[in-house]
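The primary structure of each chain is shown beneath.
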Amino acid sequence: MTNINHLRELESESIFVLREVAAQFENPVMLFSGGKDSIVMFHLARKAFFPAKVPFALLHIDTGHNFEETIQFRDNLAEKHGVRMIVKYVQDSIDKGRAVEEIGVGASRNVLQTVTLLDAIEELKVDCAMGGGRRDEEKARAKERFFSHRDEFGQWDPKNQRPELWNLFNGKKRPGEHFRVFPISNWTEMDVWQYILMENIEIPNLYFTHKRKVFQRDGMWLAFAPFMKLKDSEELIEMDVRCRTIGDITCTGVTVSKADSLEEIVEEIAATRVTERGGRSDDKRSEAAMEDRKKEGYF
Amino acid sequence: MANTTKGYLDMQLLRFTTAGSVDDGKSTLIGRLLYDSKSIFEDQMEAIELSSKKKGEEHVNLALLTDGLRAEREQGITIDVAYRYFATPKRKFIIADTPGHIQYTRNMVTGASTANLAIVLIDARNGVVEQTLRHAYIASLLQIPHIVVCVNKMDLVDYDEEKYHEIRNHFMEFAPKLDVKDIRFVPISALKGDNVVDRSKNMDWYKGSTLMHILENIYIAGDQNYVDARFPVQYVIRPMTDEYHDYRGYAGRIDGGIFKVGDKVTALPSGLESKIKSIDTLNGTLKEAFAPQSVTMTLEDNIDISRGNMIVKSNNVPENGQDIKAMISWFNERPLAINGKYSFKHTSSDLRCMIKDVSFKMDINSLERNYDDKTVKMNDIARVEIRTTKPIFYDSYRLNRYTGSFILIDEGTNETVGAGMII
Ligand SMILES: Nc1nc2c(ncn2[C@@H]2O[C@H](COP(=O)(O)OP(=O)(O)O)[C@@H](O)[C@H]2O)c(=O)[nH]1
């Protein structure tokens, strides 16, 4: 039957974009956070270049505030598939005086990642950084192109984007400029989970239910890590939770859940009434928080 | 969000655009589709409730859901293409949300380029206006196979049947000038919800489908070209490992037709013939593949093929030439330069071209041709003659949207300045 379902169509589009990157750029890297979106993006890259290896390195911008499991998963994945994993540390940017640590309750290194990322792009002479950003995540992302041009300062100019038609992607640039490419732009959170289920893709155990020490802040459950400061009113409790996104531990909310299979996760997402970014305190800072960060060069 | 683990494997993808003049209710309609299909989350709803209150609006303004960037929020207008997503148990939808102002033809063209269907909005109080014509023309120019004309704000004309028929007839008067196979009409109220997702109780006289029913059920599988097999080679895969020592795979997305293992194929431009040996994917080999699948093919014979070449079936080859006639849509503030040179991107090939002549400009408000004024400015649509540096392999855009389209890139600024549809 000459008919494919929505996941296969999205898959085909993403594979097309990944191959365009390999064809149009000299030194592309794939940003890898250890979260489900970058895992799916990497899986698509394996498909795009099979039976050859993925022809680019992965780059992880490490805030140092990770779930331990994420790092283990990252290193296993690189070894299993024989890809180069480059890790750049936000701590190094802080030590060099390139970035200044936020202090106090709610301090996060999430914004500082931009400095480390732009420095890495310059140092490694990266001409294209692929990210797992999706347009459904957030309003500012809804206008992002597949091929998104960045000037020599790494900045995004949302008002002056190149029109993108059919499947013709214009990756032409001047020296010093680079591109951000988002192969899974058209996927929603639900698509990602359905695809993980359909393809049986391995993901970190953090996405499944587990017992964890958590506390409540601004109506969200946050995972506790030793370097975090609690307010007097906040109390640590152990609960059955799972992560809906995996990012910097300081700004990633967890969901109270008993889901321990992919099927159950998909069912749970289907019934959920809050967006996944609703669990991220970095977006709550202001209504235009994401747009401001993106203009400066954030993922 | 009822697409659960059971039914999702049968869901299809439908991409559509929305066009309408300012204030026809486009944002409200999209907000309504998202809201009634339960695609809006609590935190999104809270955010727009807060914004509505700040602005002193009495109802929650569903239109706020679709306003993306800060500048737009401040000016209260949509200025670029934004993509929205929602799903029902039957289909996943991608909306290319484009603004209706005259200066933004380029956004509409962009959004239309990948759409299966276009929604054209009409304010029932105003009827068919100049801009309606323009929106319908762009849908037709970009060969969107289906147009659904939504006559909106029916609540403001007392849900009047006669008014609806008047508008419908008026639209059908110029339909013969359009090149669209399928045009449908629905009377709606985006604000109140009539005939959007739920059938209207105020318009018993309307026996057709609701908008959502059309979106969920319209037959789109037949819109692909399954006859003319086209495979532009995007990338050559050479693993150079022991296991795949001599492997040479041609990777790309099928832009038309069906390819089967054993098919006799010709590589263009060399003209060398071979047979398909295998169609490979990470999940195993396939016996056949079709548009729009991304696959990797190997051939029986070792012939020289690289990015920019095209593999086709030997008994059905595309047109070939250096002199191209096309309709173009111009995007840049600097007008099109006659005799100017541009980069020319077509399928997976990158070459250069020269604009030889502008035959006419299209007045997209009256659909008249203008043979006198040949300055093609931003948002203009024109028929041009182009010469490429090397022969290209193409189909007319009417036959194939992917082998029949190209973009023009300014060689100085690298901006995408125009898009073309080969005649
Ligand atoms: N009475 C009525 N008002 C509507 C309807 N649809 C939209 N509107 C109103 O028309 C105005 C413009 O709508 P909006 O969606 O912002 O238009 P856009 O510019 O096309 O996006 C707003 O005040 C809406 O509340 C409708 O079906 N009935």
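The rules behind these values
- Residues numbered from 1 in each chain as written.
- Chains lettered and ligands numbered in written order.
- Predicted model: local features only at pLDDT ≥ 70, side-chain atom pairs only at ≥ 80, totals over all residues.
- Heavy atoms only, no water.
- Contact = heavy atoms within 4.5 Å.
- Buried area = accessible area lost by both parts, 1.4 Å probe.
- Salt bridge = Lys/Arg side-chain N within 4 Å of Asp/Glu carboxyl O.
- Helix = DSSP H or I, 4+ residues; strand = E, 2+ residues; numbered from the N terminus.
- Buried < 20%, exposed > 50% of the residue type's maximum accessible area, 1.4 Å probe, protein only.
- Core = buried A, V, L, I, M, F, W, Y, C linked by side-chain atoms within 4.5 Å.
- pLDDT = per-residue confidence, 0-100.
- Axes fitted to C-alpha atoms, helices over the stretch in contact; angles between N-to-C directions.
- Parallel < 35°, antiparallel > 145°, perpendicular 65-115°, else oblique.
- Nonpolar A, V, L, I, M, F, W, Y, C, P; charged D, E, K, R; others polar.
- Pairing = 2+ DSSP bridges.
- Domains from an automatic or database assignment.
- Near = heavy atom within 4 Å.
- Polar contact = N/O pair within 3.5 Å; in protein donor to acceptor, adjacent residues only side chain to side chain.
- Left-handed = near helix turned anticlockwise from the far one by under 90°.
- Lys, Arg positive; Asp, Glu negative; His and termini not counted.
- Phe/Tyr/Trp six-rings, centres within 6.5 Å; stacked < 30°, edge-to-face > 60°.
- Lys NZ or Arg CZ within 6 Å of the ring centre and 35° of its normal.

Participant: Can you tell me about the interface of chain B and chain A, naming the residues and giving the values?
Facilitator: Opposite the 89 residues of chain B that make contact, chain A presents 76 residues. Together, the buried faces of chain B and chain A total about 7000 Å²; carbon and sulfur atoms form 55% of this surface. Counting the contacts that link chain B with chain A gives 5 salt bridges. For R307 of chain B, the salt bridge goes to E20 of chain A, with nearest N and O atoms at 2.9 Å.

Participant: Residue-level account of the environment of D23 of chain B, with values.
Facilitator: Residues and elements named next belong to chain B. Mapped onto the fold, D23 is located in the loop between strand 1 (12-19) and helix 1 (26-36). Residue D23 is classed as exposed on the basis of its relative accessible area, which comes to 63%. Note: C-alpha distance between D23 and V236 (213 residues apart in sequence) is 49 Å. Contacts of D23, omitting those with residues within four sequence positions, involve D123 and K153.

Participant: Please give an account of the nonpolar core that cites residues and values.
Facilitator: Core analysis: the largest hydrophobic core is formed by 79 residues, its most contacted members being L18, M30, M130, F147 and W193 of chain A. Other than its neighbours up to four places away in sequence, M30 of chain A contacts L18, M41, F42, A45, F56, A57, L58, L59 and M130 of chain A. Judged by nonpolar contacts, the second largest core, of 77 residues, contains I147, I167, L215 and A419 of chain B.

Participant: Give me the confidence of the model for chain A: which residues, what numbers.
Facilitator: Residues of chain A with pLDDT of at least 70 account for 91%, and the chain-wide mean is 87. Helix 8 (residues 289-296) of chain A is the least confidently modelled element of chain A, averaging 67 in pLDDT, while strand 1 (residues 28-31) of chain A averages 98, the highest of any element.

Participant: How would you explain the packing of helix 1 (residues 6-24) of chain A against helix 2 (residues 36-49) of chain A if you had to name every residue and give the values?
Facilitator: All names here are of chain A. Two numbers describe how helix 1 lies on helix 2: the axes approach to 9 Å, and their chain directions differ by 75°. It follows from the interaxial angle that helix 1 and helix 2 lie roughly perpendicular. Residues R8, E11, S14, I15, L18, R19 and A22 of helix 1 form the contact with helix 2, whose participating residues are M41, L44, A45, K47, A48 and F49. Considering only residue class, the contact of helix 1 with helix 2 consists of 8 nonpolar, 1 polar and 4 charged.

Participant: Can you lay out the sheet that holds strand 7 (residues 210-217) of chain A for me, pointing to particular residues and giving the numbers?
Facilitator: Residue and element names in this part refer to chain A. Taken in spatial order, the 4 strands of this closed barrel run 7-8-10-9, and their pairing is antiparallel. Adjacent strand axes in the sheet meet at a mean angle of 70° when their direction is disregarded. Bridge analysis of strand 7 against strand 9 (residues 237-243) gives 5 bridges, and the strand direction is antiparallel. Note that in strand 9 the partner of K211 across the bridge is D240.

Participant: Hey, could you go over the domain arrangement of chain B for me, with residue numbers and the actual values?
Facilitator: In many reports, interface size means the accessible area that the parts give up when they come together. Under the domain assignment used here, chain B contains domain 1 (9-223), domain 2 (230-313) and domain 3 (319-422). Here the C-alpha centre of domain 2 of chain B lies 40 Å away from the C-alpha centre of domain 1 of chain B.

Participant: Can you break down the pattern of salt bridges residue by residue, with the values?
Facilitator: Counted according to the given criterion, the structure contains 47 salt bridges over all chains. In this structure, E11 of chain A engages K47 of chain A in a salt bridge whose closest nitrogen and oxygen atoms are separated by 2.6 Å. Here the residue E11 of chain A occupies a position in helix 1, and K47 of chain A occupies one in helix 2, the gap between them amounting to 36 residues. For E11 of chain A, a relative accessible area of 9% puts it in the buried group. Judged by its relative accessible area of 8%, K47 of chain A is buried. The partner of R184 of chain B in a salt bridge is D182 of chain B, with the nearest N and O atoms 3.1 Å apart. In this structure R184 of chain B comes out as partly exposed when scored by relative accessible area, which is 32%.

Participant: So, the sheet that holds strand 5 (residues 146-152) of chain B: which residues are in play, and what are the values?
Facilitator: If you walk across this open sheet you meet the 6 strands as 2-3-1-4-5-6 (chain B), and the pairing is mixed. Strands with a single pairing partner mark the edges of an open sheet, and in this sheet they are strand 2 (82-87) and strand 6 (182-187) of chain B. Strand-to-strand twist across the sheet, computed as the mean angle between neighbouring axes with direction ignored, equals 25°. Pairing geometry for strand 2 of chain B and strand 3 (residues 91-97) of chain B, over 6 bridges, is antiparallel. When the sheet's bridge partners are listed, Y83 of chain B is paired in strand 3 of chain B with A96 of chain B. Its contacts with the sheet put helix 1 of chain A on strand 1 and strand 3 of chain B, and the angle it makes with strand 1 of chain B is roughly 70°.

Participant: Requested: an account of the site of the ligand, with residues and values cited.
Facilitator: Residue and element names in this part refer to chain B. Around the ligand there are 15 residues in total, and D23, K26, S27, T28 and D155 lie nearest to it. Between the ligand and D23 there is a distance of 2.7 Å, counted from an oxygen atom to a backbone nitrogen or oxygen. Within the backbone of L191, a nitrogen or oxygen atom sits 3.2 Å from an oxygen atom of the ligand. It is helix 1 that provides the largest number of residues to the shell around the ligand, a total of 3 residues. The residue inventory of the shell around the ligand, partitioned by class, reads 4 nonpolar, 6 polar and 5 charged.

Participant: Which residues make up the environment of F179 of chain A, and what values do they have?
Facilitator: Residue and element names in this part refer to chain A. As for its placement among the helices and strands, F179 is situated in strand 6 (residues 178-181). It is 18 Å that separates the C-alpha atoms of F179 and E13, two residues lying 166 residues apart in sequence. Dropping the residues within four chain positions of it, F179 is found in contact with F25, D127, C128, A129, F147, S148, H149, R162, N170, G171, K172 and K173.

Participant: Report on the packing of helix 6 (residues 189-199) of chain A against helix 7 (residues 262-271) of chain A, specifying residues and quantitative values.
Facilitator: Residues and elements named next belong to chain A. In contact at an axis separation of 9 Å, helix 6 and helix 7 are set at 165° when each is read in the N-to-C sense. Classified by the angle between their axes, helix 6 and helix 7 sit roughly antiparallel to one another. As for the relative orientation of helix 6 and helix 7, their crossing is left-handed in sense. Within the contact between the two elements, helix 6 uses E189, M190, W193, Q194, I196 and L197 and helix 7 uses L262, E263, I265, V266, I269 and A270. Of the residues in the contact of helix 6 with helix 7, the class split is 9 nonpolar, 1 polar and 2 charged.

Participant: Explain the side chain of D228 of chain B to me, using residue names and the numbers behind them.
Facilitator: Residue and element names in this part refer to chain B. If you trace the backbone, D228 turns up in the loop between helix 7 (211-217) and strand 7 (230-232). Summary of buried charges: D228 has no salt-bridge partner, and the nearest side chain of opposite charge, R230, is 4.4 Å away. A distance of 2.8 Å separates a polar atom in the side chain of D228 from a polar atom in the side chain of N225. Of the polar contacts made by the side chain of D228, one reaches the side chain of N316; its length is 2.9 Å.

Participant: Report on the packing of aromatic side chains, specifying residues and quantitative values.
Facilitator: In this structure the tally under the stated criterion is 25 aromatic pairs over all chains. Relative to F169 of chain A, the ring of F16 of chain A lies with its centre 6.2 Å away and its plane at 50°, an arrangement referred to as tilted. Note that F16 of chain A is positioned in helix 1 and F169 of chain A in the loop between strand 5 (147-150) and strand 6, a separation of 153 residues in sequence. Grouping residues by exposure puts F16 of chain A and F169 of chain A together as buried. With centroids separated by 5.6 Å and ring planes inclined at 65°, the aromatic side chains of F146 of chain A and F169 of chain A adopt a geometry described as edge-to-face. Residue F146 of chain A is found in the loop between strand 4 (128-130) and strand 5, and its partner F169 of chain A is found in the loop between strand 5 and strand 6; the two are separated by 23 residues along the sequence. According to the relative accessible area criterion, F169 of chain A is buried, its value standing at 5%. Here a set of aromatic residues connected by ring pairs shows up, and it is made of F16, F25, F146, F147, F169 and F179 of chain A. In this structure, R135 of chain A is placed above the aromatic ring of Y83 of chain B, and the distance from its NZ or CZ to the ring centre is 4.0 Å. The ring of F16 of chain A has R253 of chain B lying over it, and the distance from NZ or CZ to the ring centre is 5.7 Å.

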